[in-house]
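Single-letter residue listing:
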Amino acid sequence: MMIKRLAHVTLCAGLLAAAGLGALGAPSAANAASPNLLAGKSYTASSAASSSYPDSGGELTDGIYATPLLASAGWQGRLGASGATTYSFTADLGTARTFQSFKTDFFKYTGGSVETPVQVAYQYSSDNSTYSTACTVNQQGAGVDIVSVPYACGAASPISARYVRATVTGAAGKWSFIDEWEVNKPAGAAVPLLSGSFLQPDLGDAWTSAQWTTEFQRMEEVGIDHLFLQWSANSKSHTAVYPTGLSGYAQNTSADVVAKTLAMGNQFGVDIYMGLQLNEDWFVNYTNNATWLNNEAAVAQSLAQDLWTKYGSNPSFKGWYLSFEVDNWNLPTSNEWAKMATFYDTVIDALKTLTPNLPVIVSPFYNTAGGLTTSGWQTMWEYILSNAAIDVIALQDGIGAGHATTAQLAAWFGATKAAITNARPATALWDDAETFNLDFKPMDIKLLKDDLAAVQPYVSKYTSFSFNHYISPQQVNPLYFTTYKSYFQTGAVDASSPTSPTGLTATSPNSMTVQLNWTASTDNTGVVGYKIYRNSELVYTAYTNATGFTDGQLAPSTAYSYAIRSFDAAGNESASSSTVSATTAAGTVYSTNLAAGKSYTASTAADASYPDTGAAELTNGAFGTATYTDAAWQGRNTGSAYSFTIDLGSSKTIKEVYADFLQVKSVYVLLPASVTFSVSSTGASYTPIGTVSKPAVGSADQTKKYRLTDLTGVTGRYVKVEVTPASSAWTFIDEVQARN
C-alpha cells in the first residue's frame, strides 16, 4: 500500500501546482481533544478505501489530522457511483462508555472532484446489532474550497453505549475524503465542576472488576478526568496495596490496587496521581521528630522508585501525591516550616530526577477554630514554596469537616493564592472540595455547588474528597449522583422541596426511649432522609426512607417535643411536620457506685496531651465539663477500638453501667460510634451486657452518658468498656460507673 500511496503523490503534483498549493505538505500532527473516546481505537469499514487513497492503518483514530491537500497522507478516499454512495465505520469502545458529541473531518476540493458528504449520521448501539441515531449533519462547506470541513453534532443528552457508527452519504459521482473520527465525552455546563477525586485503596480493594468498570463509567458521565490513589503503602504498618519490592513490606490488599487503578485510567482516559506512603504517626510527630521525618523522606524515594519501575509504562500514570497533610495548627513557626520545606524539597528533587515531567501534588488543610490566621497561613506557604518546588497545592476546603464555612473560603483560598503569586507563581492552586458532612454522609449538592463557586476566582481545577466515597451510586444513595449529574449537565441544582411528613406520633416505652413514627414525604427527585428535631434542636439526620426513629439515652421523667423534616439530595428541606410530645417514664435510681475509686487498665494509653492523670480519672468521681481543655478528660486520637477494664474487687450484682464522653466538633472531639459493656468473674472471658450506639444529640459542645440500666442477672468482678470511635478523630472519656 505504501508503494501505491507514493505513486499517487507523484501523479498529483501537477494538480497541486495548478491549484497554487505549492510543494507537498506533510500531515500535521495534532492531538485530538482529550475526551475523544476513539483515540487509538480500531474500527471496521463497510467498504474499503480506494487503493489510490487507502487507509494505511488506523488513520481515522490515530490523532494525526490531514492537511487540506489532495496529497496529504492522512486522507482516505472513496469514489462515489453515479448515484449517492453510502459507507460506514463501526468502532467497539470495549465497554459501555458515556459520550455526547461527534465529529469527522472531510476534504473539499472541487478542482479534484472531491466533495463533502450529503449527510453524516452518528449512531450508537449496546449490542452491535440495533443502532440508534444520536444526531445527523447535512452537507457542509458551501462557499469554501480546498479546505478541511468538520462535520460535528451532539446528542440532546449524554449516551451510554459500547458501539458507535458513522454513516457517510457521499455526493454522487464525487470523491469522499475522510480523516479523523471523534466521539467525545460530555463537556458539562459552564459552571465550576468537579474534575477529580481521591480514592482510598481499601474501597477499591473491595470492588469487583465489574464495579471498577462501573465506577469509572459513572466518573466519566460527570467529567471526572483525574483520580488520586490516596496512598500506596503504610510506612507505620509496613504494608502496601500492591506486590511491593520494598524490603520488610507486605501486601495487605487482596488485589493489586495500584495496577487496577492504572488499568482503569488507561481504559477511560483518566489521569492517575499516585499517592506515596501513609503514616498515622504524622499526626503525632509532624515536623517535631527529625529522625522520623528524614526516614519518611527516604521511604518516599524508595517507594516511588519501586512504583515507577513496576508501573511507569502506564500512560495514565501522570503524577505524584504526598499524603502528609500540613495544617495551620501544628506548624506554628518558621522552625517547623523549614523542616517541612526540607522534607518536600528532598522528596520532590528525587521525584523530579526519576520522572522529570510528572507533577508533585500536596493537599493541606486549615481549621478556622484556631491556629495560624489567614495572614500566618500565607506567610507559611510563602516560606515553604520559596524552598520547595511543589507543582500543585490541592487545598482542602474544610467544609465537610466543619473546619470552615462557605463564607470563609475566599479568605483562605485568597491567602493561599497570594502566597503562590509571591513565592512560586508556577505552582497551581486546585480546590479539594469535601463532599461529606459531619455525619460522614454525603454533602448536600446545593452546598457543594456553593463551595465550588466560592473558590472559583482562585483555583484552576476542582478535585474532591471524594466523588468515589460520597457521590458514587455504588457507595451512597444513587439520588446524590443523579442530582449532581443534573447539575453537571445543566449548571443548576434541583430547587424543589419535598412534601412535609404527616401523621407524626411519639410514644415512650421506657424511662430512656421515645419511639417516633410518621407517613412518608414525596419529592420530584426522591427523598433521601429525615431530620429529627427534639425540643426544636436538630439532633439526628436519618439517611434512609424509613418512617420511624427510636430516640434513646434520654432522661427519665422528662417531657420531650418532636418535629421532623424530609430532605432530598440537593439539600432542599420540607416544611416541618406537626409537633408532638412524649414523656419518659420514671426510672429507678441506683445509688451505689461500685466502681468509685477502683483501679482499671486501658488497652490503649491516653494521648500525652490529654493524659489519664494518676491512672485514676475514670473512677475518681470528678466529671469533666463541656470543654476539651478540662483536665478531667483523657483523650485518644484514633479510629481503632480500645477498652478499659475495671476491677470491682469482688463479684457484685450490677444494675446499671455507664461511661461519660465529650463532644466538641470544632476540634474533632467526637462521640463514639458505639460503646459495649461486658462483665467477667475471672477477668479471662467476658459476657456482654449490651451495646449503646451513638445517641441523637445536637451539634453543640456537650457531655453525654452511654448508659444501660435496669439490668437483670448481671454479676461480675470485672467490668469491660469497649469504645468504638466514630472516625479517625479524638474521643474524650471521663467517668465510668457500675451501680446497684
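Structure report, in brief. Just so we're clear, the structure is a prediction, and the values are computed from it rather than from any experiment.

1. Description of the sheet that holds strand β35 (residues 702-708)
Within a beta sheet, neighbouring strands are joined by backbone hydrogen bonds and run either parallel or antiparallel to one another.
Reasoning step 1: Strand order across the open sheet formed by 4 strands is β30-β37-β32-β35, with antiparallel pairing between neighbours. Every other strand in the sheet has two partners, leaving β30 (634-638) and β35 as the edge strands with one partner each. Taken over all neighbouring pairs, the strand axes of this sheet differ in orientation by 30° on average, direction set aside.
Reasoning step 2: As defined by bridge partners, strand β32 (residues 656-663) adjoins β35 across 7 bridges and the pair is classed as antiparallel. The residue bridging Leu662 from the neighbouring strand is Thr703, located in β35.

2. Quick look at the packing of aromatic side chains
How two aromatic rings sit relative to each other is given by the distance of their centres and the angle of their planes.
Reasoning step 1: Within the structure shown, the criterion is met by 52 aromatic pairs.
Reasoning step 2: Centre to centre, the rings of Phe89 and Trp181 are 6.3 Å apart; their planes meet at 50°, and the pair counts as tilted. Of this pair, Phe89 sits in strand β5 (residues 85-108) while Trp181 sits in strand β9 (residues 175-184), placing them 92 residues apart in sequence.
Reasoning step 3: Judged by its relative accessible area of 0%, Trp181 is buried.

3. Re the packing of helix α8 (residues 334-354) against helix α9 (residues 374-387)
Reasoning step 1: Two numbers describe how α8 lies on α9: the axes approach to 9 Å, and their chain directions differ by 40°. When you trace α8 past α9, the crossing you get is right-handed. Contact residues: Ser334, Trp337, Ala338, Met340, Ala341, Tyr344 and Asp345 in α8; Gly376, Thr379, Met380, Trp381, Tyr383, Ile384 and Asn387 in α9.
Reasoning step 2: Of the residues that constitute the contact of α8 with α9, the class distribution is 9 nonpolar, 4 polar and 1 charged.

4. A word on the sheet that holds strand β10 (residues 196-199)
Reasoning step 1: The 8 strands lie next to each other as β10-β11-β15-β17-β18-β19-β20-β21, forming an open sheet whose pairing is parallel. Strands with a single pairing partner mark the edges of an open sheet, and in this sheet they are β10 and β21 (461-465). Pairwise comparison of adjacent strand axes, ignoring direction, gives a mean angle of 25° for this sheet.
Reasoning step 2: Examined bridge by bridge, strand β11 (residues 226-229) and strand β15 (residues 271-275) share 4 bridges and lie parallel to one another. In the sheet register, Leu229 faces β15, and the bridge partner there is Met274.
Reasoning step 3: With respect to the sheet, helix α7 (residues 290-311) is in contact with β15 and β17 (317-322), its orientation differing from that of β17 by roughly 165°.

Rules behind the numbers
In this convention, every chain numbers its residues from 1, walking through the sequence in written order. pLDDT decides what is reported in this predicted model: residues at 70 or higher carry local features, side-chain atom pairs at 80 or more are listed and counted, and totals for whole chains, interfaces and linings draw on all residues regardless. Note: side-chain values were computed over all heavy atoms of the structure, leaving out hydrogens and water. By definition, two strands form a pair when at least two bridges between them are found by DSSP. Under the scheme used here, helices are H or I runs from DSSP no shorter than 4 residues and strands are E runs no shorter than 2 residues, and both carry numbers assigned from the N terminus. Lines fitted to C-alpha atoms define the axes here, with helix axes fitted over just the stretch in contact, and angles between the N-to-C directions of these axes take values from 0 to 180 degrees. In this scheme Phe, Tyr and Trp rings, the latter by its six-membered ring, pair at centre separations within 6.5 Å, and the angle between planes marks the pair as stacked below 30 degrees, edge-to-face above 60, and tilted otherwise. A 1.4 Å probe rolled over the protein chains alone gives each residue an accessible area, and that area as a share of the maximum for its type sets the label: buried under 20%, exposed over 50%, partly exposed in between. Each crossing is labelled by how the near helix is turned from the far one, with a counterclockwise turn of less than a right angle marking it left-handed and a clockwise turn marking it right-handed. When checking whether two residues touch, look at their non-hydrogen atoms; a contact exists if any pair is within 4.5 Å. For this scheme, ten residues count as nonpolar: Ala, Val, Leu, Ile, Met, Phe, Trp, Tyr, Cys and Pro. Four count as charged, namely Asp, Glu, Lys and Arg, and the remainder, Gly too, count as polar.

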